[in-house]
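Inside the fold
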Amino acid sequence: MKIVLAYSGGLDTSVALKWLQDKYSAEVIAFCANIGQFEPLDTIGSKAKQIGASKVYIEDLREEYLREYVFKALKANVVYEGQYLLAAPLGRPLIAKRLVEIAQQEKANAVAHGATGKGNDQVRFYCSIAALNPDLQIIAPVIEWEMKSRDDEIEYARTHNIEIAVSAAKPYSIDTNIWGTSIECGVLDNIKLPPPNEVYQITTSPLLAPDEPHDVCIGFEQGIPVSLDGKVIPPIQLVSELNTLGSKHGVGRIDILENRVVGIKTRGIYESPAGAILHFAHKELENLVLDRDLLHYKAQVAQQYSELVYYGLWFSPLREALDVFVGYTQSRVNGYITLRLYKGNLIVLNRDSEYAMYDHSLSTYDVEDQFDHKAGHGFSYIWSMPLRVKSKTDLKWDISRVNQ
Ligand SMILES: Nc1ncnc2c1ncn2[C@@H]1O[C@H](COP(=O)(O)OP(=O)(O)OP(=O)(O)O)[C@@H](O)[C@H]1O
Ligand SMILES: NC(=O)NCCC[C@H](N)C(=O)O
Ligand SMILES: N[C@@H](CC(=O)O)C(=O)O
């Protein structure tokens, strides 16, 4: 038996790496994607080898993650339940895609991941893997094994000589990548308490952020961010620079009670400084260049799209079809948005686009405008027609009949 494990190098997957070899008498290959997580990747290969991996794949997927997953979601304004920018859920399908490809290349019988039985990630891995290779066996050791707690896993690690990182002792479950950080469990399970400041991994508290604001101009081409302050820069650098700026100014913190796909509510803390800035700027630019009906319809698409991403259905025909629609809408989303970052706030300073639909001669309150004010009366007369007709029938209507 040969298994390819999605290996993040933490406690769960390190224990899983050993457990899979023993339980399935298997050869286990470890695959770790670099999607901008904080954990250093220089020692992960030797660690996996030391636990018995027959081969280790470590791949830098940051650019693909941003271009093919994050920016598609950004163009669609995808935000789950009004706040969550979906850093983890956008990464899972990419990890699953490479996992399946490596399994095929290595002629493996199965793939494995370390997600738990009541989380969303197991569903995301399962759905993505099944969509890409329906015949591949999927093993979820954390769901299968007898160990009940983190302490059991730590004990297993000790008895099997598996090195435990200091982070394993942390009282939170933390997942990071270049688009955002998720922090769950521990004291956060008590929804009656605010999160202690120590849970935040990258952002400064808005209360402690600098008194001096920072202004930044973001340039977009077809809905994709391409420049900062007039300088064209590649995606990884652009997002990293905005993460640094946003973190310093306390931007992008979120505390939500979210609805998981398995039907339970959990409390999550998220930090997405670059994400918060780019979503805000992208929406401002769309407001400038897209017409009202398209904007309103697109918001409905964003709602549906966010559910697909969160529920693990990235590789679905509906998501692909929505991307075609969203892609079409972005052809004029070119321009510049200047924002002020100040103590957790984002304040728009300037909006500029060659395709701006804002027409000063129509919108201005000056008396010398180009709008035909007289036509307004006729417009309102016709617009109010159904209300007027209804009101007339109300006069004939006897409310006392309703309650009989
Ligand atoms: N960068 C990555 N490369 C490969 N697989 C990953 C990566 N990040 C997460 N995974 C997979 O997704 C699963 C769920 O991620 P999560 O952040 O919950 O990790 P975890 O269960 O805490 O694992 P660990 O304790 O090993 O970090 C992981 O167990 C792993 O199988
Ligand atoms: N701590 C984590 O492992 N976070 C990853 C998942 C975060 C979030 N609740 C989600 O389901 O997308
Ligand atoms: N990654 C976590 C959280 C989640 O999936 O929602 C888990 O595997 O349980």
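Every value quoted in this text rests on a predicted model; they were computed, and no experiment measured them.

On to the site of ligand 2. Looking at ligand 2, there are 13 residues lining it, with Tyr84, Asn120, Ser173, Glu184 and Glu258 nearest. One of the side-chain nitrogen or oxygen atoms of Arg124 is found 3.0 Å away from an oxygen atom of ligand 2. In this structure, Glu258 approaches ligand 2 through a side-chain N or O atom, which is 2.9 Å from a nitrogen atom. In isolation ligand 2 has 340 Å² of accessible area, and contact with the protein removes 91% of it.

So, on to the UniProt feature "domain: Arginosuccinate synthase C-terminal" (unreviewed entry) in the protein. Here, the residues flagged by UniProt with the feature "domain: Arginosuccinate synthase C-terminal" (unreviewed entry) are residues 172-388. Secondary structure content for residues 172-388 is 38% helix and 25% strand, and the end C-alpha separation is 60 Å.

With that settled, the discussion passes to the nonpolar core. Counting 77 residues, the largest nonpolar core has Tyr65, Leu90 and Trp179 as the members making the most contacts within it. At 10 residues, the largest contribution of residues to this core is made by helix α4 (residues 87-105). Not counting residues up to four positions away in its chain, the partners in contact with Tyr65 are Ile35, Val70, Ala87, Leu90, Gly91, Leu94, Asn177, Ile178 and Trp179. In terms of nonpolar packing, the next biggest core, distinct from the first, is built from 28 residues, Val15, Leu41, Trp145 and Tyr156 among them.

Let us now look at the UniProt feature "binding site: L-citrulline" (unreviewed entry) in the protein. Within the UniProt annotation, "binding site: L-citrulline" (unreviewed entry) is assigned to Tyr84, Asn120, Arg124, Ser173, Ser182, Glu258 and Tyr270. Considering the arrangement of structural elements, one finds Arg124 in helix α5 (residues 121-132). By relative accessible area, Arg124 is classed as buried at 3%. Discounting residues that sit within four places of it in the chain, Arg124 has contacts with Pro89, Arg92, Val309, Tyr310 and Gly312.

Okay, helix α1 (residues 11-23) next. Helix length check: α1, at 13 residues, gives a terminal C-alpha distance of 18 Å against a target of 18 Å (1.5 Å per residue), a fit within 8%. Most of α1 sits out of view: 10 of its 13 residues are buried. Of the positions making up α1, those classed as buried are Leu11, Thr13, Ser14, Val15, Ala16, Leu17, Lys18, Trp19, Leu20 and Gln21. Where α1 terminates, the next one or two residues include Ser25, which has phi positive at roughly 45 degrees.

In this section: the sheet that holds strand β13 (residues 335-342). Judged by pairing direction, the sheet is antiparallel, and its 5 strands sit side by side in the order β10-β9-β8-β13-β14 without closing on themselves. Edge strands, defined here as strands with exactly one partner in the open sheet, are β10 (231-232) and β14 (345-352). With 4 bridges joining them, strand β8 (residues 214-221) and strand β9 (residues 224-228) adopt antiparallel strand pairing. Looking across to β9, one finds that Phe220 is bridged to Pro225.

Below, the discussion takes up unusual backbone geometry. Of note in this structure, Ser25 is not a glycine but carries a positive phi near 45 degrees. With respect to the secondary-structure elements, Ser25 resides in the loop between α1 and β2 (27-34). Its relative accessible area of 61% is what places Ser25 among the exposed residues. Phi is positive for Gln222, which is not a glycine, with a value near 50 degrees. Among the structural elements, Gln222 can be located in the loop between β8 and β9. Gln222 gets classed as partly exposed once you look at its relative accessible area, which sits at 47%.

Calculation notes
- Residue numbering note: each chain is counted from 1, following its sequence as written.
- Going through the entries in the order they are written, you letter the chains from A and number the ligands from 1.
- Reporting of local features is limited, given that this is a predicted model, to residues whose pLDDT is at least 70; pairs of side-chain atoms are given and counted only at 80 or more, and all residues count toward the totals for whole chains, interfaces and linings.
- Computation of side-chain values: all heavy atoms of the structure, hydrogens and water removed.
- If a single non-hydrogen atom of a residue is within 4 Å of a molecule or strand, that residue counts as near it.
- Each polar contact in these results corresponds to two N or O atoms within 3.5 Å; when the atoms are within protein, one needs to be able to donate a hydrogen and the other to accept it, and residues that are neighboring in sequence are counted only if both atoms are side-chain atoms.
- Each accessible area is a Shrake-Rupley estimate made with a 1.4 Å probe; only the visible protein chains count as cover when residues are assessed.
- UniProt positions are given in the numbering used here, feature names are shortened, and annotations may be inferred rather than shown by experiment.
- Here a helix means four or more residues in a row that DSSP labels H or I, a strand means two or more in a row labelled E, and each is numbered from the N terminus.
- Among buried residues, those of type Ala, Val, Leu, Ile, Met, Phe, Trp, Tyr and Cys that are joined through side-chain atoms within 4.5 Å constitute a nonpolar core.
- Per-residue accessibility, obtained with a 1.4 Å probe over protein chains only, is compared with the maximum for each type, and a residue is labelled buried under 20%, exposed over 50%, and partly exposed between these values.
- Contacts were defined at the residue level, with two residues in contact if any of their heavy atoms lie within 4.5 Å.
- What a helix should span is 1.5 Å times the count of its residues minus one.
- The pairing criterion for strands is at least two bridges between them, as found by DSSP.

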